[in-house]
Amino acid sequence: VIMVPSLEDTGYVLRIIEKINHMFEKEFVTGSHRFKLGASIGVSLYPDDDQDIDGLLTKADMAMYSAKLKGKNSFLFYRSIAG
């Protein structure tokens, strides 16, 4: 969970998502094992998507699962799946 206080535009969220995906570009090596990880990211925004933390987390979770269906390293805003 990443919470951004006083968000003024969604462009900032997109930059955060880019940084997260960039972190996962490199393989992780532990001993003789190599791991390639990815991230599926769901985003919900206050107050547009909900008014409280539980609702925001639920909607971000719904968006994340929809992003997983899109494929690796994808993201969706809740508004995109809500129609």
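The structure we're discussing is the one just above.
Bear in mind the structure is a predicted one, so any value in this text is a computation, not a measurement.

Criteria and thresholds
- Residues numbered from 1 in each chain as written.
- Predicted model: local features only at pLDDT ≥ 70, side-chain atom pairs only at ≥ 80, totals over all residues.
- Heavy atoms only, no water.
- Patch = residues over 30% accessible without salt bridge, like charges linked within 9 Å, V, L, I, M, F, W, Y side chains within 5 Å.
- Areas by Shrake-Rupley, 256 points an atom, 1.4 Å probe, with all protein chains shown as cover.
- Salt bridge = Lys/Arg side-chain N within 4 Å of Asp/Glu carboxyl O.
- Helix = DSSP H or I, 4+ residues; strand = E, 2+ residues; numbered from the N terminus.
- Buried < 20%, exposed > 50% of the residue type's maximum accessible area, 1.4 Å probe, protein only.
- Core = buried A, V, L, I, M, F, W, Y, C linked by side-chain atoms within 4.5 Å.
- Contact = heavy atoms within 4.5 Å.

Asker: Sorry if this is basic, but what is going on with a nonpolar patch on the surface here?
Answerer: Side chains of Val1, Met3, Ile53 and Leu57 sit close together on the surface and give an oily, nonpolar patch of about 440 Å² of accessible area. Assignment of secondary structure puts Leu57 in helix 2 (residues 53–70). Leu57 gets classed as partly exposed once you look at its relative accessible area, which sits at 38%.

Asker: Would you mind going over the nonpolar core with me for this structure?
Answerer: The nonpolar side chains of a soluble globular protein tend to be buried, and buried together. Listed in full, the nine residues of the largest apolar core are Val13, Ile16, Ile17, Ile20, Ala39, Ile41, Val43, Leu45 and Phe77. Every element with two or more residues in this core is listed here: helix 1 (10–23) and strand 3 (41–43). Ranked by residues supplied to this core, first place goes to helix 1 with four residues. The contacts of Phe77, once residues within four sequence positions are left out, are Thr10, Val13, Leu14, Val43, Leu45 and Ala63.

Asker: How do you make sense of the pattern of salt bridges when you look at a structure like this?
Answerer: One side chain can pair with another of opposite charge once the charged atoms of both are near each other. Enumeration according to the criterion identifies three salt bridges in this entry. Among the salt bridges present, the one from Asp49 reaches Arg79, with a minimum N-O distance of 3.8 Å. In this pair, Asp49 is assigned in the loop between strand 3 and helix 2 and Arg79 in helix 3 (residues 78–82), connecting sequence segments 30 residues apart. We note a salt bridge from Lys59 to Asp50, for which the minimum N-O separation is 2.6 Å. Using a relative accessible area of 19% as the deciding quantity, one classes Lys59 as buried.

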